[in-house]
Amino acid sequence: MNEQGAFLTQSINAILEGAGSLLPELMLAFFFLLLVTLDLFRSQAIKKLLPWLALTAFFATLLIQILGGYTSESVQFLNLLRSDGLARYAGILFSAAGIFTILLSLQNKQLEERQQGQGEYYAFLLMLVLGLNLMAKSINLLMVFLAIETVSIASYILTLTLKEKGRAIEAGLKYILYGALSAGIMLYGMSFFYGLTGSLNYTSGDFWFSLLQASPLMVTVAAILVFAGFFFKISAAPFHFWTPDVYQGAPMPVVALFSTGPKMAGIVVILRFVAAFSDPANATAFADVQLFLGIAALATLFIGNFTAIWQQTARRLMAYSSISHAGFLLAGLLAFGTSYTTSILFYLTVLLFMNFGVFLFMQVAEDHFRIKRLADFAGFGRAYPYVGVMALLFFLSLTGLPPLAGFMGKLLVFSNLWEAYGLSQDKMLLALLVVGILLTGVALFYYIKIPFYLFFKGNYTDKNLVISLSDKLLLALFAMPLLVFFFKPDLLLTWIEKLLTTVR
């Protein structure tokens, strides 16, 4: 009994000691419960308060993560979660994505017209970002699985927010089916890893040492199965089929969040997973896994870029754009021996502003002018030059052209690939570099379609509608960092490097 009591006391102390590292997550969980509770009241005054409470929650977590000091680098939560610099910076991006999603939601006409379920909508936004934070902090395979499922459940419900639309129902069902399939495959792969190592902590040296002693074929098979779940979250091939339908059926603010938040969290999880490959000895032993990642990156790049060419609606074009960016990020993750972590985080930060800017532009076009197909944008830029110029900036940045930060993001990834190729002479890295550069030209072809229609096709006749000042300010908010981080990329790169080195 004394031994059991001592063990219980030790476990409680360990939980209390590590609980401080979960302060942002506890904050989100508290506001989630608060929103769900307040949504039970019928008072319209309380209903109108709900989005502002959600916004307060995201601002509070953003402030906590920027200021830091709520945890020590040596403290982990029961060997399940680690609050290092990587998790903290990812949390900052997730909180920013949550804030941007709320701001877009407040401007969205379809969400504004809904009389029921608003509290649930904002509560599940908090739940999704909570899951993203847990994904970024997870160092245990089972914890990764639980975090991914938390994000997936919230995503399924948010996809069905506008369930009166037939497309939303179809998108939600496809999303659930693909999510269940990828989750089952991933869990099966994790069971292989546990059987081979006797551990689920994939960041420990013992875990990878045990894999070095195991059959290379079994390790490769297990890794491929686990990557199924990761690829589903980042919309990478061959688990990308859900993306166009979900982008077509979900509310625009939710689509903007899906294009950034889960992708960023999935990339952070893969970053932790492939960190062991940066050791030259391990890299040789796991060459087959690296080859698989390289092939997946190439396939994702080809599918995303070439399929986007044939799209006739802005939503589906952006869906395949998101897939192509997943390919670029996967390629950048293979640049071992370089500062690829900093470059990937820079790319993700820029992607956050680019995607939210484009989706806000598309929301304005859909809500105010009923524009959905690419051809419907004809002359819109000449009728509303401010919105047209903002859209041009976002699409040029997504392509990777100067003078915008999208160019710097791709330049950093390509530079890392070239440097890594010089160190290892790996032909796969050279292939990724060449294909990435060539497909940037292909991307220009489909990204420039909307600006072409905006300024060079037809005449837009309906000039009576006024675009709100809040929409114009939000467009400027998303566009400004794209210019600043092109001319002053060191402002962001230095902060990322400082965060990674001082908290890790």
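This structure is a prediction, so every number in the text was calculated from the model and none was measured.

The rules behind the values
- Residues numbered from 1 in each chain as written.
- Predicted model: local features only at pLDDT ≥ 70, side-chain atom pairs only at ≥ 80, totals over all residues.
- Heavy atoms only, no water.
- Helix = DSSP H or I, 4+ residues; strand = E, 2+ residues; numbered from the N terminus.
- Areas by Shrake-Rupley, 256 points an atom, 1.4 Å probe, with all protein chains shown as cover.
- Salt bridge = Lys/Arg side-chain N within 4 Å of Asp/Glu carboxyl O.
- Buried < 20%, exposed > 50% of the residue type's maximum accessible area, 1.4 Å probe, protein only.
- Phe/Tyr/Trp six-rings, centres within 6.5 Å; stacked < 30°, edge-to-face > 60°.
- Core = buried A, V, L, I, M, F, W, Y, C linked by side-chain atoms within 4.5 Å.
- Domains from an automatic or database assignment.
- Contact = heavy atoms within 4.5 Å.
- Axes fitted to C-alpha atoms, helices over the stretch in contact; angles between N-to-C directions.
- Parallel < 35°, antiparallel > 145°, perpendicular 65-115°, else oblique.
- Left-handed = near helix turned anticlockwise from the far one by under 90°.
- Nonpolar A, V, L, I, M, F, W, Y, C, P; charged D, E, K, R; others polar.
- Polar contact = N/O pair within 3.5 Å; in protein donor to acceptor, adjacent residues only side chain to side chain.

Some points on the overall build of the protein
Here comes step 1: Per the secondary structure count, the protein includes 24 helices and two strands.
Here comes step 2: Per element, the accessible surface of the protein, about 20,100 Å² overall, is 67% carbon and sulfur.

A few points about the pattern of salt bridges
Here comes step 1: One pass over the full model with this rule turns up six salt bridges.
Here comes step 2: The salt bridge partner of Lys47 is Asp39, with a shortest N-O separation of 3.0 Å.
Here comes step 3: The shortest N-O distance in the salt bridge between Glu366 and Arg315 comes to 2.9 Å. Note that Glu366 is positioned in helix α17 (residues 340–369) and Arg315 in helix α16 (residues 314–332), a separation of 51 residues in sequence. Of the two residues, Glu366 and Arg315, both sit in the buried class.

Concerning the packing of aromatic side chains
Here comes step 1: Counting across every chain of the model gives 45 aromatic pairs.
Here comes step 2: With a centroid separation of 5.2 Å and an interplanar angle of 85°, the aromatic rings of Tyr156 and Tyr175 are classed as edge-to-face. With Tyr156 in helix α7 (residues 141–159) and Tyr175 in helix α8 (residues 166–197), this pair connects stretches of sequence that are 19 residues apart.
Here comes step 3: Through a chain of ring-to-ring contacts, three or more aromatic side chains come together here, namely Phe193, Tyr202, Phe207, Trp208, Phe227, Phe230, Phe231, Phe273, Phe286 and Phe292.

Section: the nonpolar core
A general tendency of soluble globular proteins is for nonpolar side chains to be buried together.
Here comes step 1: Ranked by size, the top nonpolar core spans 184 residues in total, and within it Phe227, Phe230, Phe231 and Phe361 carry the most contacts.
Here comes step 2: Here this core gathers at least three residues from each of two domains, domain 1 (22–276) and domain 2 (281–504).
Here comes step 3: Not counting residues within four places of it along the chain, the set of residues in contact with Phe227 comprises Ile270, Phe273, Val274, Val289, Phe292 and Leu293.

Looking at the packing of helix α20 (residues 405–424) against helix α21 (residues 427–447)
Here comes step 1: The contact between α20 and α21 brings their axes to 8 Å, and the two run at 155°. The orientation of α20 relative to α21 falls into the category roughly antiparallel. Two packed elements cross with a definite hand, and for α20 against α21 that hand is left-handed. Where α20 abuts α21, its residues Lys410, Phe414, Leu417, Trp418, Ala420, Tyr421 and Ser424 lie against Leu429, Leu430, Leu432, Leu433, Gly436, Ile437 and Thr440.

Notes on the environment of Leu187
Here comes step 1: Locating Leu187 in the fold gives a position in helix α8.
Here comes step 2: Sequence separation between Leu187 and Phe145 is 42 residues, and the spatial gap between their C-alpha atoms is 7.3 Å.

Points about the packing of helix α11 (residues 242–249) against α16
Here comes step 1: At their nearest, the axes of α11 and α16 sit 8 Å apart, and the two run at 140° to each other. What the angle tells us is that α11 and α16 run oblique. Relative to α16, the crossing made by α11 is right-handed. Between α11, through Thr243, Pro244, Asp245, Tyr247 and Gln248, and α16, the contact on the second element is made entirely by Arg315, Arg316, Met318, Ala319, Tyr320, Ser322 and Ile323.
Here comes step 2: Split into classes, the residues belonging to the contact of α11 with α16 amount to six nonpolar, three polar and three charged.

Some details on the side chain of Asp245
Here comes step 1: Here Asp245 lies in helix α11.
Here comes step 2: A polar contact of 3.0 Å, which involves the side chain of Asp245, links it to the side chain of Lys174.
Here comes step 3: When residues no more than four places from it in sequence are discounted, the contact partners of Asp245 are Glu170, Ala171, Lys174 and Arg316.

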